[in-house]
Amino acid sequence: MASSTLELSGLNFNLTEEQQAVREAARDFARTELLPGVIERDNAAKFPTEQVRRMGELGFLGMMVSPDYGGGGMDTVSYVIAMEEISKVDASCSVIMSVNNSLVCWGLEEFGSEQQKQKYLTRLATGEVIGAFCLSEPEAGSDATSQHTTAIDKGDHYLLNGTKNWITNGGSAGVYLVIAQTDLEKKHRGINCLIVEKGQDGFAVGKKEDKMGIRASDTHSLMFTDVKVPKENRIGDDGFGFKFAMSTLNGGRIGIAAQALGIAAGAYERALTYSQERQAFGKKIFDHQAIQFKLAEMATKIEAARLLVYKAARLKDEHNDFVQAAAMAKLFASEVAMWATTEAVQIHGGYGYVKEYHVERFMRDAKITQIYEGTSEIQKLVIARELVK
Ligand code: CAA
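Predicted model, so just to flag it, every value in this text is computed and none were measured.

The rules behind each value
- Residues numbered from 1 in each chain as written.
- Predicted model: local features only at pLDDT ≥ 70, side-chain atom pairs only at ≥ 80, totals over all residues.
- Heavy atoms only, no water.
- Helix = DSSP H or I, 4+ residues; strand = E, 2+ residues; numbered from the N terminus.
- Rg over C-alpha atoms; globule rule 2.2 N^0.38 Å.
- Buried < 20%, exposed > 50% of the residue type's maximum accessible area, 1.4 Å probe, protein only.
- Contact = heavy atoms within 4.5 Å.
- Areas by Shrake-Rupley, 256 points an atom, 1.4 Å probe, with all protein chains shown as cover.
- Lys, Arg positive; Asp, Glu negative; His and termini not counted.
- Charge placed at Lys NZ, Arg CZ, Asp CG, Glu CD.
- Core = buried A, V, L, I, M, F, W, Y, C linked by side-chain atoms within 4.5 Å.
- Near = heavy atom within 4 Å.
- Polar contact = N/O pair within 3.5 Å; in protein donor to acceptor, adjacent residues only side chain to side chain.
- Salt bridge = Lys/Arg side-chain N within 4 Å of Asp/Glu carboxyl O.

(A) How the structure looks around the overall build of the protein chain. Within the protein chain, the secondary structure is distributed over 11 helices and 9 strands. Its C-alpha atoms give the protein chain a radius of gyration of 21 Å, near enough to 21 Å, the size a compact globule of 389 residues would have. Here the C-alpha coordinates of the protein chain stretch approximately 80 × 40 × 40 Å along the principal axes. When the 389 residues of the protein chain are sorted by exposure, 58% land in the buried category. Within the protein chain, counting contacts between residues at least 6 apart in sequence, those at least 24 apart form 74% of the total. On the protein chain, roughly 16,100 Å² of surface is accessible, and the fraction owed to carbon and sulfur atoms is 53%. The positive charge centre, built from 44 side chains, and the negative charge centre, built from 51, are 4 Å apart in the protein chain.

(B) Broad picture of the nonpolar core. Residues M55, F60, I86 and M97 are the most contacted members of the largest nonpolar core, which totals 96 residues. Top element by residues in this core is helix α7 (residues 241-277). It accounts for 18 residues. When sequence neighbours within four positions are dropped, the list of residues in contact with F60 reads A25, A26, F29, M55, A82, I86, M97 and N101. Y158, Y176, V196 and V227 belong to the second largest nonpolar core, which has 17 residues in total.

(C) Local environment of helix α10 (residues 359-369). With respect to burial, α10 is a largely interior element, 8 of its 11 residues being buried. Among all positions of α10, only V359, E360, R361, F362, R364, D365, A366 and T369 are buried. The elements touched by buried residues of α10 are α2 (38-44), α4 (76-87), α5 (91-111), α7 and α9 (323-348).

(D) Highlighting the site of the ligand. Near the ligand there are 24 residues, and of these S142, T168, H188, R189 and R385 occur at the shortest range. Here an oxygen atom of the ligand and a side-chain polar atom of R189 are 2.8 Å apart. Between the ligand and K243, the relevant distance is 3.1 Å, taken from an oxygen atom to a side-chain nitrogen or oxygen of the residue. About the coverage of the ligand: the protein hides 77% of its 1,100 Å² of free accessible area.

(E) Local environment of the side chain of R361. With respect to the helices, strands and loops of the structure, R361 is situated in helix α10. For the buried R361, no salt bridge exists, and the shortest N-O distance to an oppositely charged side chain is 4.0 Å, to D365. A distance of 2.9 Å separates a polar side-chain atom of R361 from the backbone oxygen of V89. Those residues in contact with R361, other than ones at most four positions away along the chain, are V38, I39, D42 and V89.

(F) Region of the structure containing the pattern of salt bridges. If you walk through the whole model with that rule in mind, you get 23 salt bridges. Here E50 ties to R53 by a salt bridge, and the two come within 2.8 Å at their closest N and O atoms. Linking E50 with R53, this pair stays in helix α3 (residues 49-57), spanning 3 residues, or about one helical turn. A residue is classified by how much of its surface remains accessible, and E50, at 41% relative accessible area, is partly exposed. The partner of R215 in a salt bridge is D210, and the shortest N-O contact between them spans 2.8 Å.

The structure is reproduced here in structure tokens:
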């Protein structure tokens, strides 16, 4: 690994001692416990069971959750710091972490009832179980209001029917937040979010996707056939489900932006190290201006992405409107990740195209950051709408 780590040098973000300690802890964990075996897990698409158990033990699965519910009580800045460090090594582990922290735990703590928090949040925050966020469907990806999954009101319970697609943690989760349409006439205001547990009658985990990247995380379709979900498992008031999903995704996008930043930084660090070791035409390739220019541009764009990610996290921590900042951070960081990882492969030449040097995995992992939790096109739409608000 390179010695240069691009830590927002020059701009004083006044990281607290705790935030700096989080960076050290996450970096140390990633290097000692995630790096060994990361290539093999990616090759075999093997879920990192032991690594996720350790993430729970070390507090990385419920970082922002109040200690009252077993969490770390930390701020979003600490969370993005940890996400970046873990993503520099293993983006499969960091997506599992991101979904659990920002889409499941955060949403439950912010909008769930006390009973729901007691029953589910503590187990999720400590990693006793992990969670999944189930919004996408075969015919509802970007167009998230077009829910075909139905939750019909049956008095004391809902009857849930439908299929969800591309669900992160789909097979490994124990708790699922499922978005479904209760009242079609009310459109998005007739959508609910229900908490479903694995093993409930009528709930089946479908096929595991064979993915381009983040291969060690498990992504599944889910089928619900007449699943009875008690009314007390609805999050918020009747019809709050779409607002819940959108509000939760606003914060989730900061997590994915931090993941993209980490993937880009991880690839950059490896390219910088390699450029100082590899010789061509009688000197280190770093001493060729063509390579220097690539690294300079990578370092600049990564630093810019980091500033956007930290800005969005800080706005959220200060309870300011962060919708546009989160979308900008995700849009920019994911584009930088795709570009920087491609450059890292190029700097490595033939070695970059084989698995041993890690950068081809970073390049495959980067692609999904432009797609999930809102594609780059959706982020532009969100940013544009905020411009004229
Ligand atoms: N925050 C809060 N509320 C929001 C919001 C936001 N960012 N965006 C929209 N809303 C609210 C609106 O205020 C509106 O509510 P009211 O009518 O009550 O005022 C309601 O949601 C509907 O909004 P629109 O009329 O703007 O709906 P639309 O259909 O035109 O556009 C969209 C909505 C922004 C395109 C939305 O569908 C969207 O974000 N799509 C992308 C979905 C997405 O990100 N999916 C990711 C899947 S999850 C995942 O990937 C997890 C994983 O496993 C890693």
